[in-house]
Amino acid sequence: MQLPSTLLENAVAQFSKLPGIGKKTALRLVLHLLKQDVNEVKFFGETISKMRSEIKFCNRCHNISDGDICSTCSNSMRNQNLICVVENIRDVIAIENTQQFNGTYHVLGGIISPLDGIGPDQLNIETLIQRIQKEETQEIIFALNPNIQGDTTIYYIQKKIAPFHCKVTTIARGIAFGGELEYADEMTLARSLTNRLPVQQYVQ
Amino acid sequence: MLTLQSIILTQFRNYVTKQFSFTEKIVGIYGSNGTGKTNLLDAIYYLSFTKSYFARTDAQNVHHGLSGLRIEGHYEIMNEEADLICILRENNKKEFNINGEAYKKFSEHIGNYPCVMIAPDDVALISGNSEERRKFIDTILSQIDTKYLRTLIDYTKLLQQRNSFLKQATEQGFCDDTLLNILSEQLSEKGDFIFNERKKFIQHFIPLTIQYYQTISGNQDHITVHYESQLQQSEMKQLLAQSKHKDLQVQRTNVGIHKDDLLFQLNNAVFKNEASQGQRKSLLFALKMAEWRTLKKNKGFAPILLLDDVFEKLDEKRMFNLLHWVCKEDDAQVFITDTHQKRLADTLQTIGVKHQLIHLEDK
Ligand SMILES: Nc1ncnc2c1ncn2[C@@H]1O[C@H](COP(=O)(O)OP(=O)(O)OP(=O)(O)O)[C@@H](O)[C@H]1O
Ligand SMILES: [Mg+2]
Ligand SMILES: [Zn+2]
């Protein structure tokens, strides 16, 4: 694409790095910003760079946070003895939207998949084990996508926390096989959180 | 009853756009070498399996110099009409629609429109390596039982996971036994299921194959078929435990149903070393016809039969036995290709079935 200004070209190049944004859309967004007030665009840019540089991850649960400890972990109204284990932050947002869960989270940052080079060490599993031991957590609920790698991850963690007296459950699989948690509608997700099941014990 | 009534090919192999209508249950297709006979049969196969019988990648199926392809088939199935449309978009995304609705998973489609192909290179099923024979069994079982197909997909994924794990463990010089045990348990659960299904299936399949062999060959050759599997000795979990050391050494899973095989024998000798060309072809046809019969029994209607170049393979008597039997005694839709118009027409005439002849023109 031939553009009349290098500045414009740079901005378009930056926007088109975003997922799902092609060159044409990027140009449309940039031209839109060009029509806005200078200060407004300045604020837009600052908001984004501030978001990136100042955002933190909770030391306890690895969720996004404004401080060292996130608002869920520091909320005394929530059941701090209950941990919902999820793959990523999008899952936390999906579950929070159901307004059906009153415990805390633990964000693994992925699931075990040697094929993709992801072993337990690449994930926040060790911190979960320590957390359960230290806090004497009563119950953990796995809310991972129902697929093979999800199962591998559940069995692995289950085995590691076997010495501690923590109840282990998984969300009911009302969600389509292999379906993404993120895309499950809120009703289904809410129901599966209430009807959780004990994990099959076939892995000893 | 399953009948393909018409098919429209767009940018599939040598076809840019072409429509065929099938008016009789027996369809003879003739034309010189390279006119697209095999490609037409493969398009029909494609609609049943969401992929080609021959090509490993879809890129090979797209007409050279163009991008994207489309195959549309109009069927009658159990007295209802159905439209199957497969579209490969320019960006190589594939869609598969039934009556205007897209499948979420292509595996849901497998087995609903069953068909059996017999093609020239299929003798590999007898003389090739064990992978061919596993693929053969899996293709049948996957069409009969969706749980089998799902378990097989899971097994394959878990095997890849376990092999990757073994590789990384060796490279890093550290083996996380907890994780290896879990992967082994998961793999065993799937492996035991597949083994049991294969074993049950083969018990019925072997006598059927032998019976067809004798029908086609018209003689009493002593044929035996054995299902070979490491799981015949012990459960997969134990096999994996015994093999752990070796697995880590060679960074690969050495035991499991991915090592299964069928062993064919002729007069107590290994079939592929002993049998003549004609005997091999007879066994091949027997296996395929047993496949066709098994599917028919399970589905309650006859699968479409695709016979590519069969005249080149069997002598006249054997050919006649086979065709007579499929065309007359069963209500299957049959597609047969040949390079010789006269040979094809005469044979169908002699058998005395209503049929349609389609001529593919030279380029
Ligand atoms: N992707 C493609 N694009 C264009 N043409 C193709 C493509 N793939 C195959 N062909 C052409 O299709 C022809 C082969 O067609 P096919 O194998 O169906 O012939 P056939 O009628 O079965 O011949 P035979 O009698 O030799 O078996 C070849 O001539 C080849 O050039
Ligand atoms: Mg051919
Ligand atoms: Zn937190």
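Calculation notes
- Residues numbered from 1 in each chain as written.
- Chains lettered and ligands numbered in written order.
- Predicted model: local features only at pLDDT ≥ 70, side-chain atom pairs only at ≥ 80, totals over all residues.
- pLDDT = per-residue confidence, 0-100.
- Domains from an automatic or database assignment.
- Contact = placed C-beta atoms within 7 Å.
- Helix = DSSP H or I, 4+ residues; strand = E, 2+ residues; numbered from the N terminus.
- Nonpolar A, V, L, I, M, F, W, Y, C, P; charged D, E, K, R; others polar.
- Near = placed C-beta within 6 Å.
- Axes fitted to C-alpha atoms, helices over the stretch in contact; angles between N-to-C directions.
- Parallel < 35°, antiparallel > 145°, perpendicular 65-115°, else oblique.
- Left-handed = near helix turned anticlockwise from the far one by under 90°.

Q: I'd like a rundown of the confidence of the model for chain B, residues and numbers included.
A: In the predicted model, chain B carries a mean pLDDT of 93, and the fraction of residues at 70 or more is 100%. This prediction of the complex comes with two scores: 0.83 for pTM and 0.78 for ipTM.

Q: Pulling in residues and values, what's your account of the domain arrangement of chain B?
A: Residues and elements named next belong to chain B. Under the domain assignment used here, chain B contains domain 1 (1-114 + 303-363) and domain 2 (123-300). Each of domain 1 and domain 2 has a C-alpha centre, and the two are 28 Å apart. Residue-level contacts link 13 residues of domain 1 with 19 residues of domain 2. In terms of residue count, helix α9 (residues 316-329) provides more of the side of domain 1 that touches domain 2 than any other element does, 4 residues in total.

Q: Requested: an account of the interface of chain B and chain A, with residues and values cited.
A: On the side of chain A, 14 residues touch chain B, which itself brings 15 residues to the contact. Sorting the residues of the side of chain B that touches chain A by element identifies α4 (146-172) and α5 (177-217) of chain B as the ones contributing at least two each. In terms of residue count, the dominant contributor to the side of chain B that touches chain A is α4 of chain B (8 residues). Class assignment for the residues of the side of chain B that touches chain A results in 5 nonpolar, 6 polar and 4 charged.

Q: Help me get a handle on the site of ligand 1, residues and values and all.
A: For ligand 1, the set of nearby residues contains 15 residues, the closest of which are Asn33, Gly34, Lys37, Thr38 and Asn39 of chain B. In terms of residue class, the shell around ligand 1 is made up of 1 nonpolar, 11 polar and 3 charged.

Q: Kindly report on the packing of helix α6 (residues 148-160) of chain A against α5 of chain B, identifying the contributing residues and their values.
A: Where α6 of chain A contacts α5 of chain B, the two axes come as close as 10 Å, and the packing angle between them is 130°. By the angle between their directions, the pair α6 of chain A and α5 of chain B is classed as oblique. Pair α6 of chain A / α5 of chain B crosses with right-handed handedness. Where α6 of chain A approaches α5 of chain B, its residues Ile148, Asp151, Thr152, Tyr155, Tyr156, Lys159 and Lys160 of chain A are matched on the opposing element by Thr178, Leu179, Ile182, Leu183 and Gln186 of chain B. Its residues placed into classes, the contact of α6 of chain A with α5 of chain B shows 6 nonpolar, 3 polar and 3 charged.

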